[in-house]
Amino acid sequence: MPNLDSLLERLKARQRDLIMEAALSDSLPADSTLRRISELENAIAAVEAVADEEAAKAYSA
């Protein structure tokens, strides 16, 4: 699962970077930025779900 953990950390880091960039502006972030943040959130949730499934399989074995 190191590959999943690595992917998860990269996704979270990219999302964090986008959020921090948006926070620097006095205006609302562009729709495209909000969409990318949202898409990353979905990807993070999907990777976490797969990691949980793999951990459950490993625990059962």
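This structure is a prediction, so every number in the text was calculated from the model and none was measured. (Residues numbered from 1 in each chain as written. Predicted model: local features only at pLDDT ≥ 70, side-chain atom pairs only at ≥ 80, totals over all residues. Heavy atoms only, no water.)

A. Molecular detail of the side chain of Gln15. One can find Gln15 in helix 1 (residues 2-23). Residue classification places Gln15 among the buried residues on the basis of a relative accessible area of 10%. Among the polar contacts listed, one links the side chain of Gln15 to the backbone oxygen of Ile37, at a separation of 3.1 Å. Leave out the neighbours within four places in its chain, and Gln15 touches Ile37, Leu40, Glu41 and Ile44. (Helix = DSSP H or I, 4+ residues; strand = E, 2+ residues; numbered from the N terminus. Buried < 20%, exposed > 50% of the residue type's maximum accessible area, 1.4 Å probe, protein only. Polar contact = N/O pair within 3.5 Å; in protein donor to acceptor, adjacent residues only side chain to side chain. Contact = heavy atoms within 4.5 Å.)

B. Region of the structure containing helix 1. An ideal rise of 1.5 Å per residue puts 32 Å on 22 residues; helix 1 measures up with 31 Å between its terminal C-alpha atoms. All of the buried residues in helix 1 are Leu8, Leu11, Gln15, Leu18 and Ala22. Each buried residue of helix 1 lies within a common arc of 95 degrees when the element is viewed along its axis, so the set occupies one face. Seen from the open side of helix 1, the exposed residues pointing more than 90 degrees away from its buried face are Pro2, Arg10, Met20 and Ala23. On its buried face, helix 1 sits against helix 2 (31-60). (Expected span 1.5 Å × (residues − 1). Arc of directions from axis to C-beta.)

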